[in-house]
Every structure is written in C-alpha cells, then in structure tokens.
Amino acid sequence: MSIEKNNETINGNFKGKNILSLNQFTPQDIGIVFQEAPRMRAAVENRQQLIDLKGQVVTLLFYEPSSRTYGSFTSAIQRLDGGIIPVHNPETTTSIAKGETLEDTIKTFECWSDGIVIRSRMPGDAVRAADAALYIPVFNAGDGIGEHPTQSLYDLYTLQEQFNRLNHLTGVIVGDLLNGRTIHSLVKGLSLYRGNTVYSLAPERLRLPQNEITELTQRGMKFIEIDTVNDIPAQADFWYWTRVQKERFSSSEEYEQVKYQFVLTPKLVQAYGNKHMIIMHPLPRAGEIELGVDTDPRSVYLRRQMRNGLYIRMALLSLVMGK
Ligand code: NCD
C-alpha cells in the first residue's frame, strides 16, 4: 500500500479505510460520521449494548500516555461488542524492547486483530503503520506533533451541536499551535467549510507554521495572528485553548519560559468573552485554565466535548469496521 492509498479520501465510503488525517474528509464525509453519533449516544444513555463490532478485536497500541483517547476508544469498542488487545508503552512491554520495528509490530498485531488504534511519537508513524497493515484499518490516535483526526471530528461535532453549522464561525485558538496535534487537525477541518475565521494567539516560537497558514488561507479560511489577549475579537463563537506541550521541548527552561504565557481565567472570560460562545480544550490541561472557568456554563471541555469523543469514536468504528 502506498502512502497515497493510506491517505485515500473517504468519499462517502468508510468501509475498511484507515483514518489517518482530516485531509481524507469532505464535509459530506464528516456529516456521515455526525449522522451516526445520535444512535451511539442513545445506546450509551440507555445502557444498551450495540453489536456493530461483534466478533471483532481491536488492538490499542499506545506509545504515548493517554487518558481520554485510550479510555474513550476502549469504551467505544466495548460498547459496540468488540474485544480489545490493550498495549501500553510498547517500547518496554513488547518485542520493540528487543529491537522489533514498528512495521513488524503492526504485522504481528494484525494477525490477532481486525483493527489497530495507534498513538505514536513521530508524525507519519500512523501512515507507516497503515502501510504495514495490509488487511485491517488503522486509526491514528495522535502521531507525535502530526495529527489527531478523531479528536478533531468530535471537536467539530461539538461546534456543530452548539451552532448548528460549521461555516461562518469565528474561533480563537490559543497555546502551543506548533506542537499541538489537535490544532493541526482542527484547523484543517474548519478550512473545509466556507467563511470560517480563526484568530491565533501563541508564544512567538509556538505559532502555527507558515506553510500551514498558507494552505489554510488558500482554502479560503481567514487566519489572523494576534499578539495579546486584548486582540481577542468580541464576536468569537469559540475559544479553543491548548496546553504547551512540555514533552516536545528539548530543555525544561525553554518550556518554563512559555508555559503560562496565556492562561485562561474567569477574569479573561469576563473581559473578552461574549454570551453565546463556548470554551473548548482537548485536555489534559497543565495550569493554562484556572479552575474557576470550569463552572462557567460556556465551558464544554470537561463535559460535552469529552463525552462527544465517545459517540464520535463509536460512530467511526462502526462505519469503518461494522458490518
Ligand atoms: C491531546 C493529545 O494527546 O494530542 N490529548 C487528547 O487526546 N485529548 C492534547 C494534549 O495532549 O495536549
């Protein structure tokens, strides 16, 4: 399989396809995922066991730490009646410790399972995994500073739920826009729709790379870099705060210098927020959102946004692997 094949567009048909990047999706494809979500939500709320993955087993291969992605994928698979092979820290717990390659590891777990969910350290590792897996789909659960497509699908779903549209939205993205993979996928997703405007606020060295900005603007998105919280637009529909990604820094001094450059406080929301917006964050947070913001009814990060992760991952698994 070539990289192109693995990055193949969904084009209305999810069956057996790898889910690696937001680049594979059109708005119609995203709509198909969203259409499945209410069925998943209803099943979860009614404690009803679905059987979309009955008789199938999924390997969860997580090279990097995870709470939400790991937990919600596991829950999603089990709620669809699939089984799991949970593999945490494969570098110490599998034959990778003996020198086995990513490709051989993937081919190995392909023998025992019907799908692989991989969180890896390097951008492009999910594509390598998809290349190595000849017969089963691979889901990218975050590849280093690359992408995090399933996260963005539920971020977009949360926006759709709130505003009943994904076009003509204005968002503010804040924090580590260089290393945050959820950001790379989110802006790609937003750029698929017309009339969206994104304001970005980041420490100088953590801005979104220029080539990405060019790509977004070529697709018609308005991308505006701002330097201080004073420039946050009054009419924003959402704020999407992110953590400075400590693990991507080579020195802790460098991290310390920028980690709290932009902290979300109740005061800030009061000063620059508006009534209709929502406040999002992929989590985990590491001090960049004060606890006082949690109880603001506009904050969705600890509630709706995370919960939607389960429904959207169930929907995707069902579309890709279900009968
Ligand atoms: C994010 C990730 O792993 O990229 N977490 C998540 O999956 N919700 C965000 C982060 O780690 O900052």
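**Here's the deal with the sheet that holds strand S7 (residues 222-226)**
Now for step 1: One open sheet holds the five strands; their spatial order is S7-S6-S5-S8-S9, and the pairing between them is parallel. Both outer strands of the open sheet, S7 and strand S9 (278-280), are each paired with one neighbouring strand and no more. Adjacent strand axes in the sheet meet at a mean angle of 20° when their direction is disregarded.
Now for step 2: Inspection of the sheet shows strand S6 (residues 197-201) paired to S7 by five bridges, in the parallel sense. If you follow Tyr-199 over to S7, its bridge partner there is Ile-224.
Now for step 3: Its contacts with the sheet place helix H7 (residues 149-163) against strand S8 (238-241) and S9, and it is angled at close to 170° to S9.

**So, helix H2 (residues 27-45)**
Now for step 1: Compared with an ideal rise of 1.5 Å per residue, which puts 19 residues at 27 Å, H2 spans 27 Å between its outermost C-alpha atoms and is within 8% of the ideal.
Now for step 2: For H2, the complete set of buried residues consists of Asp-29, Ile-30, Val-33, Phe-34, Ala-37, Met-40, Ala-43 and Val-44.
Now for step 3: Buried residues belonging to H2 abut helix H3 (68-79), H7 and helix H12 (304-321).
Now for step 4: Among the residues trailing H2, Arg-47 stands out with phi positive, at a value near 50°.

**A few points about the nonpolar core**
Soluble globular proteins tend to pack their nonpolar side chains together in the buried interior.
Now for step 1: Formed by 62 residues in total, the largest nonpolar core has its most connected members in Phe-14, Val-33, Leu-159, Ile-173 and Leu-317.
Now for step 2: Among the elements that line this core, the one with the most residues is H12, at 10 residues.
Now for step 3: If we skip the residues at most four places from it in the chain, Ile-173 touches Ile-183, Leu-186, Val-187, Val-198, Tyr-199, Ser-200, Leu-201, Phe-223 and Tyr-240.
Now for step 4: Within the second largest apolar cluster, 19 residues are counted, among which are Leu-201, Trp-239, Trp-241 and Met-277.

Definitions and limits used
Residues numbered from 1 in each chain as written. Predicted model: local features only at pLDDT ≥ 70, side-chain atom pairs only at ≥ 80, totals over all residues. Heavy atoms only, no water. Pairing = 2+ DSSP bridges. Helix = DSSP H or I, 4+ residues; strand = E, 2+ residues; numbered from the N terminus. Axes fitted to C-alpha atoms, helices over the stretch in contact; angles between N-to-C directions. Contact = heavy atoms within 4.5 Å. Expected span 1.5 Å × (residues − 1). Buried < 20%, exposed > 50% of the residue type's maximum accessible area, 1.4 Å probe, protein only. Core = buried A, V, L, I, M, F, W, Y, C linked by side-chain atoms within 4.5 Å.

Geometric values such as these leave the question of function open.
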